[in-house]
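Examining the three-dimensional arrangement
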Amino acid sequence: KIVVDRAKELMQEAIEHELDLKSLFPLSGNSSITFHVADFGCSIGPTTFMSVQNILEAVNHKNQASTTKLPLEFQVSFNDQTNNDFNTLFRSLPAHHQGSYFAAGVPGSFYGRLFPKNSLHLGSISSSLHWISRVPGELTAAGRRDSIQCTGFHEDVARAYSGQFTRDMEAFFDARAEELVAGGLLAISALCLPPAAVLSQTRLGVVFDLVGTCLADLADLGLVSEEKLKSFYLPMYYPQAEELEASITKKGCFSIQKMVKMAPFSPEKFQTLIQTPASQIRVLLEALIKQHFKDITPQSVDFIFERLKQKLLENMDAIASPSTSPHLEVFILAKRL
């Protein structure tokens, strides 16, 4: 919600200045026109609905301010993995969406094609591109005990993660290049590493390292296998902003119209935001842990996050310390050439 709220004004400005409805619909006539929006990585809401509403309000405002108003109708497609709980998503659809837009769910990985060619006018993805499609195979084969993430301290691990991210970004932007019409827009809100920082020197990185120590505690008690622990890595990679920028422009299908690095939260604000961090991390990681440690018991899962709650309290000063870097929130608007 905070990321969506912070990006709202940037989104409105971007649509106002970069969306050209006349070029998108040159032969509109008097019949209704479908403006197709896709939200990639929607999860189960309700923040996804806020993001979509911000987009539709901005497009409507742009259209109403025009001397030649178009008879627009909106189709909104909500996308996420096939195991996403679309039932919960659509049960929480705001009542006012009826008459505002037509909603549809589109299951599947956004690292592949999801829509027909030249069918989208605007795509949006918020806080999702750090989820890579898979943990690099060379890591699960070799195995390490010291961390469950790309800390940045091991060159071979960083290289494997970076390579997977590069391949995934190429697949993502190739797919969007086919789906978006010429002149269509792609709005991206992403979490990136601050310059010269590695993940384990950031606030989120410290939190995820603590998750790893909780799993290690579980293995020491014999409640999960040591071998399984060695092959467990988080499928997350936080790029530098320049890495993401290069991925967007690499093939020449998109031009970056706007790129803004938003001011990070203060340590005090960050500490306020994570008053219940163990619950938040559980929402993110519980399914991954259960999938990897297939025979793990519910009691063991509870143990992990109870231990995490304790360790977060013990390390809160370090997590919120000014010397621990915040992630960068980056807003990018790209146009399909």
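Everything numeric in this text was worked out from a predicted model, so none of it was measured.

Now for the overall build of the protein. A count of helices and strands for the protein gives twelve helices and seven strands. When the backbone C-alpha atoms are referred to their principal axes, the protein occupies close to 70 × 40 × 40 Å. Counting every position in the protein, which comprises 337 residues, the buried fraction comes to 51%. Working note: accessible area of the protein is about 15,600 Å², and carbon and sulfur atoms make up 53% of it. Looking at the protein, you have 31 positive and 36 negative side-chain charges, and the mean spots of the two groups are 3 Å apart.

A few words now on the packing of aromatic side chains. Under the counting rule described, the total for this entry stands at 15 aromatic pairs. When the centroid spacing of 6.5 Å and the interplanar angle of 55 degrees are considered together, the rings of Phe78 and Tyr101 count as tilted. Residue Phe78 is found in strand E2 (residues 72-80), and its partner Tyr101 is found in the loop between helix H4 (86-91) and strand E3 (102-107); the two are separated by 23 residues along the sequence. One aromatic cluster is present, formed by Phe40, Phe110, Tyr111, Phe115, Phe172, Phe173 and Phe254 through successive ring pairs. The ring of Phe172 carries the charged tip of Arg176 above its face, separated from the ring centre by 4.8 Å.

Bringing the nonpolar core into the picture now. Residues Leu129, Ile188 and Leu244 are the most contacted members of the largest nonpolar core, which totals 37 residues. Per-element tally for this core: the top contributor is helix H6 (residues 155-179), with eight residues. Apart from the residues lying within four places of it in its own chain, the contact partners of Ile188 are Ile125, Leu129, Phe173, Leu244, Ile248, Val330, Phe331 and Ile332. By size, the runner-up hydrophobic cluster in this structure holds 35 residues, among which are Phe25, Cys42, Val59 and Val181.

Given a rise of 1.5 Å per residue, 16 residues ought to cover 22 Å, and the 22 Å separating the end C-alpha atoms of helix H11 (residues 277-292) matches this to within 8%. If you look at H11, its biggest bend is around 50 degrees, right at Leu285. Among the residues making up H11, those that are buried are Pro277, Ala278, Ile281, Leu285, Ile289 and His292. Buried residues in H11 make contact with helix H7 (203-220), helix H8 (226-230) and helix H12 (298-319).

Before going further, it helps to spend a moment on the pattern of salt bridges. Here the structure, examined in full by the defined rule, presents 18 salt bridges. For Lys335, the salt bridge is made with Glu18, and the minimal N-O distance between the two is 3.8 Å. Of this pair, Lys335 sits in strand E7 (residues 328-336) while Glu18 is found in helix H1 (residues 2-18), placing the two residues 317 residues apart along the sequence. With a shortest N-O distance of 3.1 Å, Asp174 and Lys251 are connected by a salt bridge. Of the two residues, Asp174 is situated in helix H6 and Lys251 in the loop between helix H9 (241-249) and strand E6 (254-262); the sequence distance between them amounts to 77 residues. Classification of Asp174 as partly exposed rests on a relative accessible area of 28%.

Here we come to the packing of H7 against H12. It is at 9 Å that the axes of H7 and H12 come closest, and there the two elements cross at 140 degrees. It follows from the interaxial angle that H7 and H12 lie oblique. For the crossing formed where H7 meets H12, the hand is right-handed. Across the interface between the two elements, Arg203, Val206, Val207, Leu210, Val211, Thr213, Cys214, Leu215, Asp217 and Leu218 from H7 touch Ser300, Phe303, Ile304, Arg307, Leu308, Lys311, Leu312, Asn315 and Ile319 from H12. Looking at the contact of H7 with H12 residue by residue, the class counts come to twelve nonpolar, three polar and four charged.

Rules of the game
- Residues numbered from 1 in each chain as written.
- Predicted model: local features only at pLDDT ≥ 70, side-chain atom pairs only at ≥ 80, totals over all residues.
- Heavy atoms only, no water.
- Helix = DSSP H or I, 4+ residues; strand = E, 2+ residues; numbered from the N terminus.
- Buried < 20%, exposed > 50% of the residue type's maximum accessible area, 1.4 Å probe, protein only.
- Areas by Shrake-Rupley, 256 points an atom, 1.4 Å probe, with all protein chains shown as cover.
- Lys, Arg positive; Asp, Glu negative; His and termini not counted.
- Charge placed at Lys NZ, Arg CZ, Asp CG, Glu CD.
- Phe/Tyr/Trp six-rings, centres within 6.5 Å; stacked < 30°, edge-to-face > 60°.
- Lys NZ or Arg CZ within 6 Å of the ring centre and 35° of its normal.
- Core = buried A, V, L, I, M, F, W, Y, C linked by side-chain atoms within 4.5 Å.
- Contact = heavy atoms within 4.5 Å.
- Expected span 1.5 Å × (residues − 1).
- Bend = angle between axes of the 7 residues up to and from the residue.
- Salt bridge = Lys/Arg side-chain N within 4 Å of Asp/Glu carboxyl O.
- Axes fitted to C-alpha atoms, helices over the stretch in contact; angles between N-to-C directions.
- Parallel < 35°, antiparallel > 145°, perpendicular 65-115°, else oblique.
- Left-handed = near helix turned anticlockwise from the far one by under 90°.
- Nonpolar A, V, L, I, M, F, W, Y, C, P; charged D, E, K, R; others polar.

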